[in-house]
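# Per-entry structural report
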Amino acid sequence: MNAQTPSDGLGSLLQSARRRAGLTQEQLAGLSTVSVRAIRDLEQGRVEHPRKETLPLLADALRLSGPRRAALELAVAGASVGSALRDVYGAELAPPPVPLGPLAGRRAELRALTELLATDHERLLSVVGLPGVGKTRLAQEAALRLHTRDRIPVLWVPRDRPAAGSPAGTAAHSAQRALVRGVRALVAQEGGADELAAVIRDRATLIVLDGHDVAPAVEPALLGLLHSCERLKVLITARAPHPAPGGRLLPLAPLPLPAAAPAAPGDSLTAGRPAVELMMACVGLMRPDLLPTDAVITTVARICRALDGLPQAMEAAASWLLMYSPRQLLEIARRNPLSLVGGTAPPAPGAGPELSVLLTAAVDALPDRLRTAVAELGDVPEPWTVQDAAPLLGRGPAEAARDVHALLVRGLLRQVPAGPGTGETPRYAVLRLVRAVTDAARTTAFDATAVPVG
């Protein structure tokens, strides 16, 4: 975190602080010894580089402290983030983004993650899984629990999106942006470790690197920051593991699949089945006229199975109930699941890539060996064992086991519960959505190599 340029919101910050204090520009000038003209120019954005002593004088006159004072002082050209934030750093300054809805299922995963984050010896954790599986949502819930329960500052650093937290334009938001810029610079190997360490010091802190999919292994500078700040923890969400010494990996699989139909009369397909509960909630929003009859719930359960229990896929598919009946939606999900997870048209501004694009990118990003393996294994119609996979892949059992493990960690496979007479040997299947991606890639490759008839 090197010297920063003035904040874009300096004028609005100063004006808001003055009005909050109930002062006119003339009264503030009298209290601060700063001229009325200078205050007017600052509030109207005419001055981009105020004198270094001007803002502290105004902050004193306005009786600003904590994050509000830090944000105002950070607007001084050449101000050091470390010196401005060191004395005010705390939970109020760095809250995590607040989730917009309840967490569907994931009780066991949330408990495991929060327990690991609460220990002293686990300081670098990675939640890994497919796009749309809920990595960000799980990290949000765990970070919010730590922040609320233990008053731990959370520096939330999304890779490609603006950081959520305090409302834009507030003092805390400006300070958050400064801290997040510092973490980004550190991950990008642009320095700033010493200044970040000076701010965090011995304060318990959680840094969340959300969606850092294409980042290299955890950089030495970040590991150095962990070494300097003994109570700092780092949580990474990504599609693939980041090799790092001492890191703990938490693979996040899709929600458990429901049965295709009730096991016995009177049994409920929703009770204790988070995939069906989640999609039924989405159905209620899209089609409040659809009563939750046994027939509707059974059809919804089968849609969940066709979409692998992937939360974002089910939410996207539910939006198509505006056009199709549940039974029509089930047929489409079975025939072409990718067509349902492309979002709505036109997509919402700033919504990012559609899930179908993200799933394709996740498969394309696999090493060639794993991309070939997932395509070959996706052709197997029944669940298979590692012993079955070895000859299919033309590899020995040990090599096949490594490939299956790598695909399982990334969430492209599902372990299938053992049925009667199958023994205890684990059996696996490629997710239907992943198979659809590999099938589409084959079709595209075939079309590209086809020779037109003259």
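Residues numbered from 1 in each chain as written. Predicted model: local features only at pLDDT ≥ 70, side-chain atom pairs only at ≥ 80, totals over all residues. Heavy atoms only, no water.

## A short note on the overall build of the protein chain
The helix and strand inventory of the protein chain stands at 20 helices and 7 strands. A buried classification covers 47% of the 454 residues belonging to the protein chain. The long-range share in the protein chain, meaning contacts at least 24 apart out of those at least 6 apart in sequence, stands at 73%. Carbon and sulfur atoms provide 54% of the accessible area of the protein chain, an area that totals close to 22,400 Å². (Helix = DSSP H or I, 4+ residues; strand = E, 2+ residues; numbered from the N terminus. Buried < 20%, exposed > 50% of the residue type's maximum accessible area, 1.4 Å probe, protein only. Contact = heavy atoms within 4.5 Å. Areas by Shrake-Rupley, 256 points an atom, 1.4 Å probe, with all protein chains shown as cover.)

## Details of the environment of I39
With respect to the helices, strands and loops of the structure, I39 is situated in helix α3 (residues 36–43). Overall, I39 belongs to the buried group, its relative accessible area being 0%. Ignoring sequence-local partners within four residues, the contact set of I39 consists of L14, Q25, L28, A29, S32, V34 and L58.

## Comments concerning the nonpolar core
Core analysis: the largest hydrophobic core is formed by 78 residues, its most contacted members being L113, M279 and L407. When sequence neighbours within four positions are dropped, the list of residues in contact with L407 reads L366, L370, A373, V374, L377, L412 and L413. Grouped together as the second largest cluster of nonpolar side chains are 23 residues, A94, L155, L222 and A238 included. (Core = buried A, V, L, I, M, F, W, Y, C linked by side-chain atoms within 4.5 Å.)

## Considering unusual backbone geometry
With a phi angle near 65°, R106 is a residue other than glycine that sits in the positive phi range. Relative accessible area serves as the criterion here: at 6%, R106 is assigned to the buried category. Even without a glycine there, the phi angle at R201 is positive, about 50°.

## Some words on the state of the cysteines
For the structure on display, the rule yields 0 disulfides. Between C282, a free cysteine, and C304, which holds the nearest cysteine sulfur, the sulfur-to-sulfur gap is 9.2 Å. Residue C304 is classed as buried on the basis of its relative accessible area, which comes to 0%. (Disulfide = S-S within 2.5 Å.)

## Remarks on the packing of helix α2 (residues 25–32) against α3
Where α2 contacts α3, the two axes come as close as 9 Å, and the packing angle between them is 120°. It follows that α2 is oblique to α3 by the angle criterion. The handedness of the crossing between α2 and α3 comes out as right-handed. For the pair formed by α2 and α3, the contact residues are Q25, E26, L28, A29 and S32 on the first element and V36, I39, R40 and E43 on the second. Counted by class, the contact of α2 with α3 contains 4 nonpolar, 2 polar and 3 charged residues. (Axes fitted to C-alpha atoms, helices over the stretch in contact; angles between N-to-C directions. Parallel < 35°, antiparallel > 145°, perpendicular 65-115°, else oblique. Left-handed = near helix turned anticlockwise from the far one by under 90°. Nonpolar A, V, L, I, M, F, W, Y, C, P; charged D, E, K, R; others polar.)

## Here's the deal with the sheet that holds strand β5 (residues 248–251)
Sheet architecture is open: 5 strands sit in the order β2-β3-β4-β1-β5, paired in parallel fashion. Each end of this open sheet is capped by a strand with a single partner; those strands are β2 (154–158) and β5. For this sheet, the mean angle separating the axes of adjacent strands, direction not counted, is 15°. Bridge analysis of β2 against strand β3 (residues 205–210) gives 5 bridges, and the strand direction is parallel. Bridging from a neighbouring strand, P158 pairs with D210 of β3. Across the sheet, helix α8 (residues 135–150) touches β1 (124–128), β2, β3 and β4 (232–238), and the angle it forms with β2 is around 165°. (Pairing = 2+ DSSP bridges.)

## Some thoughts on helix α19 (residues 397–409)
If you check α19, its first and last C-alpha atoms are 18 Å apart, about what 13 residues at 1.5 Å a residue would give, namely 18 Å. Residues of α19 that are buried in the fold lie against β1, β5, α17 (368–378), α18 (386–393), β6 (413–416) and β7 (427–430). Phi turns positive, to about 85°, at G411, one or two residues after α19. (Expected span 1.5 Å × (residues − 1).)

## Things to note about the pattern of salt bridges
In the structure shown here, the tally under the stated rule is 14 salt bridges. In this structure, the salt-bridge partner of D150 is R149, at a minimum N-O distance of 3.2 Å. E331 is the partner of R334 in a salt bridge, and the nearest nitrogen-oxygen pair spans 3.9 Å. You can see R334 and its partner E331 sitting in helix α15 (residues 326–335), 3 residues apart, about one turn around the helix. Classification of R334 by relative accessible area gives partly exposed; the value is 44%. (Salt bridge = Lys/Arg side-chain N within 4 Å of Asp/Glu carboxyl O.)

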